[in-house]
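Chain by chain, the residues:
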Amino acid sequence: MEETDRPPAESTWRQPPAGLTLPQNELHVWRARLDLAAGPLAALTRLLSPEEATRANRFYQQRDREQFAAAHGLLRLLVGRYTGLPPAQIGFAAASGGKPRLVPGQSGRPLHFNLAHTRDLALFAFAREAEVGVDVERRRDDLPWRKLAERFFAPAEYASLLALPEEEGSAAFFALWVGKEAYVKALGEGLRMPLRAAQLRWSAGQQAQARPEGAAGDWRVQLLAPGAGYSGAVAYTGELHLRLWDAGELPLALELN
Ligand SMILES: CC(C)(COP(=O)(O)OP(=O)(O)OC[C@H]1O[C@@H](n2cnc3c(N)ncnc32)[C@H](O)[C@@H]1OP(=O)(O)O)[C@@H](O)C(=O)NCCC(=O)NCCS
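Residues numbered from 1 in each chain as written. Predicted model: local features only at pLDDT ≥ 70, side-chain atom pairs only at ≥ 80, totals over all residues.

Once that is clear, we can look at the sheet that holds strand β11 (residues 241-246). Sheet strands line up and pair through hydrogen bonds in the backbone, either parallel or antiparallel. On the basis of which strands lie adjacent, the open sheet formed by four strands has the order β4-β5-β1-β11 and mixed pairing. The open sheet terminates on both sides in strands that have one partner only, identified here as β4 (112-118) and β11. Put simply, the sheet's adjacent strands are angled 15° from each other on average, direction ignored. Where strand β1 (residues 26-33) meets β11, six bridges bridge the pair, whose relative direction is parallel. Of the residues in β11, the one forming a bridge with R31 is D246. (Pairing = 2+ DSSP bridges. Helix = DSSP H or I, 4+ residues; strand = E, 2+ residues; numbered from the N terminus. Axes fitted to C-alpha atoms, helices over the stretch in contact; angles between N-to-C directions.)

Now for the site of the ligand. Around the ligand there are 22 residues in total, and G98, K99, A116, K185 and G190 lie nearest to it. Those elements that provide at least two residues to the shell around the ligand are α3 (62-83), β4, β6 (132-138), α4 (145-152) and α6 (166-187). No other element matches β4, which puts four residues into the shell around the ligand. Residues from two domains meet in the shell around the ligand; each of domain 1 (10-129 + 240-257) and domain 2 (131-239) gives at least three. (Near = placed C-beta within 6 Å. Domains from an automatic or database assignment.)

Our focus in this paragraph is the nonpolar core. Counting 63 residues, the largest nonpolar core has L74, A122, F124, A125, V132, V234 and A235 as its most contacted members. Looking at this core, the element that brings in the most residues is α6, giving eleven residues. No fewer than three residues from each of domain 1 (10-129 + 240-257) and domain 2 (131-239) sit in this core. In this structure F124 touches W30, L74, L75, L78, F113 and L115, once residues within four positions along its chain are discounted. (Core = buried A, V, L, I, M, F, W, Y, C linked by C-beta atoms within 7 Å. Buried ≥ 20, exposed ≤ 12 C-beta atoms within 10 Å, placed from the backbone. Contact = placed C-beta atoms within 7 Å.)

Without other data, these values stay purely geometric and don't point to any function.
In structure tokens:
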């Protein structure tokens, strides 16, 4: 199918059905709030590995400690849901560029995942065989976006942003930022790949979809609307049907009881 012919991507975050499965042709993105009540937070914190708990405790601010714990507890819960593994016992290991992956041999079917968190919100992406990367940023009015674009984006991208009025320019900056970060995270190269090297070409007629320039493979980047004041994006390989799930509070509470 031509990229311009693709149907608009799903844009509504739904409550997941009971017994949710992840078929090979689907990409699941979950959004979850991280400012949790004490009960769910304590239950999620109990799922962390000793190493994750140590990392959480390194944060100076209590809110940062709690939100790190919530994000990693939720990741364990969701990976457990897709693999059938007990969440507290799932083994993660970083690949060479730093991208976390499942330790091989734990689950029958492959599972690719990626996590992003910003203040109060996390996104989690899952696919069976495709590489995935996700990013979320809280949009801030005080961000010196022109300076950041000049420093981190390609000259042509910087120039195109400068041509826009303030509000539009800021929104376009965040869209590019999360799109590029999602792609860099999908590749798993971490800081080895500069953001300026990940140039995006937005698809005609599908403003929220892009393809990285010169990418090896069938890469796509989809912008997401995770909530007011946030920008998000997911990058993946191949033709996948995107489904958006809201972690909400009810399913979590049920699973944690
Ligand atoms: C490592 C990196 C991908 C993390 O991104 P971030 O925006 O700081 O944080 P996010 O919330 O998006 O993602 C963090 C999660 O990504 C995952 N992650 C870590 N390293 C990763 C890698 N190399 N590839 C993919 N995912 C990675 C982890 O789950 C991590 O969670 P944790 O820190 O709680 O363990 C990022 O710092 C990076 O390398 N960026 C390169 C691009 C650049 O130059 N950015 C400048 C900003 S304008």
